[in-house]
Amino acid sequence: MPFARNGSPPTHRHAGALAALLSRFGFPGRIVLPLVLGLLLRLWFVHHDPDLTGDPLLYGAIARNLLQHGVYGFAAGAPTLIRLPGYPLFLAACFQIFGVEHYYPVLYLQVAVDLTICWVLSRVAFRLAARAPGLATGKERAAGAALWLAALCPFTAAYTAAPLTETLELASIALSMYGFVRTLPHPGFAEAAVSAREQRTSLHAGWFALAAGAWIAAALLRPDGALLGAVLCPALVWYGWRSGQARQAFRFGCYGALASLLAFVPWAVRNARTFHVFEPLAPRYATDPGEPTNPGFQHWTKTLCADLVCTSEVYWAADDDRIGLAQLPSRAFDSPQELRATADLLADYNRTTTITPALDARFAALAAERTARHPLRTRVALPLLRLADMWFRPRVELFSIDLRWWNYAAEGPDTVLAWSFVLLNGLYLGLAAMGAWRRPPLLGVFVAFTVLRCALLLTIEAPEPRYTLECFPMILVLGGIAVAHGRARGAHSRD
């Protein structure tokens with residue numbers, strides 16, 4: 001066997017190079033172990049708690065109809081615009097490869113995507129920790145902690161078992177964050193992780209293209225995904241100005257904004273030609289043109305709904321199922337007279353389970369009376385309660401746990417499990433707060449995105465915890481930084 005000049009066989013030399021490369025990225029233990037455990041967690045959700053009802057079937061119906069009839073809708077002659085095209089097109093591609101309505105290959109693909117998200121977030125944490133004051137030496141710990149937090153997070157992992165937009169939306173956010181971090185210049189970096197090629201003072205066009213493409217994908221999946229580009233474009237200009245690249249940053253920001261607008265031109269043109277309306281995103285109430293939106297009922301639910309239970313038993317029941325008086329929270333009536341009026345209104349609705357224009361007008365009148373009596377409750381207290389419910393409830397909406405999980409007498413062990421998820425959710429949020437306290441780079445971007453998202457959520461009538469899930473990529477990165485700082489401080493105190 002021929003030997004290299006250094007006296008080692010080529011295979012040994014290549015193996016040594018591979019080992020060095022793997023060790024650079026923390027292989028095998030630091031990456032393989034959390035990813036394997038994360039894989040097992042996600043496969044458990046796929047095989048024990050898949051969600052193949054409701055909205056997943058709606059997306060599947062659009063994808064199936066697109067393949068079989070070439071119409072974006074629910075039947076050959078019934079087009080729709082109630083959902084953005086991102087996820088139905090993804091499902092259509094999967095159906096084309098794996099077979100129409102074969103959902104399990106889709107779920108396995110989402111598992112692979114979600115595990116990739118975990119690794120991407122660990123690299124974001126690595127780069128931010130490398131630039132954080134006093135944490136450059138703990139960048140590997142930050143990356144490892146973020147990877148563990150992401151891989152074992154049941155709140156994001158559970159959505160791999162549902163053909164919904166969440167997994168791809170989280171992937172778009174994570175990739176956009178990573179591309180944005182890599183876009184920014186790295187002047188003055190001295191640590192070994194940043195090569196000489198990266199020691200630049202200009203913005204990186206390739207990485208910015210990744211960031212822009214990812215935030216466009218996020219917006220094509222969900223209307224609120226547009227918030228990501230609305231935050232990152234101005235942030236790019238701001239950071240570019242601070243690094244002396246204001247002109248280049250402004251040019252990149254304009255390119256990103258223009259690309260974001262152009263991406264929705266085909267969808268807007270299609271909606272204009274098909275429905276004769278201007279709809280560049282998706283309707284607020286997921287209705288096609290001409291369908292009733294029931295504004296009176298929407299206003300009435302805003303005066304009483306504060307949690308997922310009310311969303312499920314009252315809001316989602318409209319125009320489909322009966323709404324019982326016992327299902328309403330106690331705050332739904334302020335007096336015996338209002339109780340009787342509400343009972344009469346629901347009795348009339350339950351005869352047909354259809355909200356007619358006359359019934360909607362009665363809901364509107366009742367809502368106006370309630371708002372006039374308690375304007376602060378309707379406009380301030382209840383929106384804040386809905387926001388708190390979306391952030392702090394146990395996030396068991398995809399589990400086989402009753403939504404009234406707190407009733408221990410009825411639910412027993414499920415109540416204990418739900419409370420454990422409350423504590424786990426609080427742990428993730430607490431770690432993120434501790435990481436934010438360290439003021440890592442791009443904290444302003446994370447805060448701006450979260451604040452904008454919360455402001456949007458304050459306007460909705462029916463809360464769902466998954467609406468705050470889009471903030472979890474930032475939470476996981478900040479949590480990794482917090483853990484790394486805690487370990488670094490512990491090691492320093494021992495020294």
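Calculation rules
- Chains are numbered independently. Their residues run from 1 in the order of the written sequence.
- Local features in this predicted model are restricted to residues whose pLDDT is 70 or higher, and side-chain atom pairs enter the listing and the counts only when it is 80 or higher, whereas totals over whole chains, interfaces and linings include all residues.
- Side-chain calculation: all heavy atoms of the structure are included, whereas hydrogens and water are not.
- Put simply, DSSP H or I for four residues or longer makes a helix, DSSP E for two residues or longer makes a strand, and each gets a number counted from the N terminus.
- When a residue's accessible area, from a 1.4 Å probe over protein chains only, is under 20% of the maximum for its type it is buried; when over 50% it is exposed; and in between it is partly exposed.
- Working definition of accessibility: Shrake-Rupley area with a 1.4 Å probe, residue cover restricted to the visible protein chains.
- Any carboxyl oxygen of Asp or Glu within 4 Å of a side-chain nitrogen of Lys or Arg constitutes a salt bridge here.
- For every residue, the pLDDT score states the predictor's confidence, bounded by 0 at the bottom and 100 at the top.
- For this analysis, residues touch if any pair of their heavy atoms sits within 4.5 Å.
- Side-chain atoms within 4.5 Å link the members of a nonpolar core, which is a set of buried Ala, Val, Leu, Ile, Met, Phe, Trp, Tyr and Cys residues.
- Criterion for a disulfide: a pair of cysteine sulfur atoms at a distance within 2.5 Å.
- As a rule, the C-alpha atoms of each element are fitted with a line to give its axis, helices using only the stretch in contact, and angles between N-to-C directions run from 0 to 180 degrees.
- By definition in this entry, angles of less than 35 degrees are roughly parallel, angles greater than 145 are roughly antiparallel, angles of 65 to 115 are roughly perpendicular, and the rest are oblique.
- Should the near helix be turned counterclockwise from the far one by less than a right angle, the crossing is left-handed, whereas a clockwise turn marks it as right-handed.
- Basically, the charged four are Asp, Glu, Lys and Arg, the nonpolar ten are Ala, Val, Leu, Ile, Met, Phe, Trp, Tyr, Cys and Pro, and anything else, Gly included, counts as polar.
- Centre distance within 6.5 Å is the pairing criterion for rings of Phe, Tyr and Trp, where only the six-membered ring of Trp is used; planes under 30 degrees apart are then read as stacked, over 60 as edge-to-face, and the remainder as tilted.
- In this analysis the charged atom, NZ for Lys or CZ for Arg, is taken to sit over a ring once it is within 6 Å of the ring centre and within 35 degrees of the ring normal.
- Pairs of N or O atoms are called polar contacts if they sit within 3.5 Å, as long as, within protein, a hydrogen donor faces a hydrogen acceptor (for residues adjacent in sequence, only side-chain-to-side-chain pairs).

(A) Inspection of the overall build of the protein chain at higher detail. In terms of helices and strands, the protein chain carries 21 helices and two strands. By residue count, 51% of the 495 residues in the protein chain fall in the buried class. Here the protein chain has roughly 22,600 Å² of accessible surface; of this, 65% comes from carbon and sulfur atoms.

(B) Just the pattern of salt bridges, in detail. Tallied over the entire structure, the rule returns 20 salt bridges. The partner of R466 in a salt bridge is D55, with the nearest N and O atoms 3.8 Å apart. Linking R466 in the loop between helix 20 (443–457) and helix 21 (472–494) with D55 in helix 3 (residues 55–69), this pair joins segments that are 411 residues apart in sequence. Residue classification places R466 among the buried residues on the basis of a relative accessible area of 11%. R222 serves as the salt-bridge partner of D224, at 3.3 Å between the closest nitrogen and oxygen. In this structure D224 comes out as buried when scored by relative accessible area, which is 13%. Given the relative accessible area of 10%, R222 is considered buried. Through salt bridges with shared partners, a single network forms among D55, R83, E166, R222, D224, R453, E464, R466 and E470.

(C) Local environment of the confidence of the model for the protein chain. Here the protein chain averages 87 in pLDDT, while 87% of its residues score no lower than 70. Counted against residues more than four places away or in other chains, residues 1–12, with its pLDDT under 50, gives eight contacts. In this model, residues 187–199 is a region of pLDDT below 50 whose contacts with residues beyond four sequence positions or in other chains number 19 contacts.

(D) The nonpolar core, seen in detail. Membership of the largest hydrophobic core comes to 101 residues, with the highest contact counts inside it found for F180, W215, V445 and V477. It is helix 5 (residues 103–131) that provides the largest number of residues to this core, a total of 13 residues. The residues touching F180, leaving out its near neighbours within four places in the chain, are A211, L232, A235, L236, Y239, L442 and V445. Among the nonpolar cores identified, the runner-up in size contains 21 residues, and F297, C305, A318 and F363 belong to it.

(E) Local environment of the state of the cysteines. Following the criterion strictly, the structure yields one disulfide and no others. Disulfide pairing places C305 opposite C310 at an S-S distance of 2.2 Å. The chirality of the disulfide connecting C305 with C310 is left-handed, given an S-S dihedral of about -70°. When sorted by exposure, C305 lands in the same class as C310, which is buried. With no disulfide of its own, C233 has C254 as its nearest cysteine by sulfur position, at a separation of 8.4 Å. With no disulfide of its own, C471 lies 6.0 Å from the sulfur of C454, the closest cysteine sulfur. For C471, a relative accessible area of 1% puts it in the buried group.

(F) Seen up close, the packing of helix 5 against helix 6 (residues 139–151). Contact geometry for helix 5 and helix 6: axes closest at 7 Å, N-to-C directions at 150°. Taken together, the axes of helix 5 and helix 6 lie roughly antiparallel to each other. For the element pair helix 5 and helix 6, the recorded crossing hand is right-handed. Contact residues: helix 5 offers C118, W119, L121, S122, R123, A125, F126, A129 and A130, while helix 6 offers K139, E140, A142, A143, A146, L147, A150 and A151. When grouped by side-chain class, the residues that make up the contact of helix 5 with helix 6 number 13 nonpolar, one polar and three charged.

(G) Expanded view of the packing of aromatic side chains. Summed over all chains, the structure comprises 21 aromatic pairs. Their ring planes at 85° and their centres at 5.4 Å tell us that Y178 and W207 sit as a pair that is edge-to-face. One end of the pair, Y178, is in helix 8 (residues 166–183); the other, W207, is in helix 9 (residues 205–221), and 29 residues separate them in sequence. Each ring, one from F180 and one from Y239, has its centre 6.3 Å from the other, and the planes form 70°; the classification is edge-to-face. Taken together, the positions of F180 in helix 8 and Y239 in helix 10 (residues 226–242) put the pair 59 residues apart, joining distant regions of the chain. Neither residue differs from the other here; F180 and Y239 are each classed as buried. In this structure an aromatic cluster arises from ring pairing among W44, F45, F155, F399, F421, Y428 and F472. In this structure, R123 is placed above the aromatic ring of F126, and the distance from its NZ or CZ to the ring centre is 4.5 Å. Between the NZ or CZ atom of R395 and the centre of the ring of F155, over which it lies, the distance is 6.0 Å.

(H) Highlighting the side chain of Q110. As for its position among the elements, Q110 is in helix 5. Here Q110 is in contact with Y87, F90, Y159, T160, A162, P163, L164 and T167, once residues within four sequence places are set aside.

(I) Geometry of the environment of H299. Position of H299 among the secondary structure elements: in helix 13 (residues 295–302). For H299, a relative accessible area of 31% translates into the label partly exposed. Ignoring sequence-local partners within four residues, the contact set of H299 consists of A367, A368 and T371. Separated by 3.2 Å, the side chains of H299 and T371 make a polar contact.

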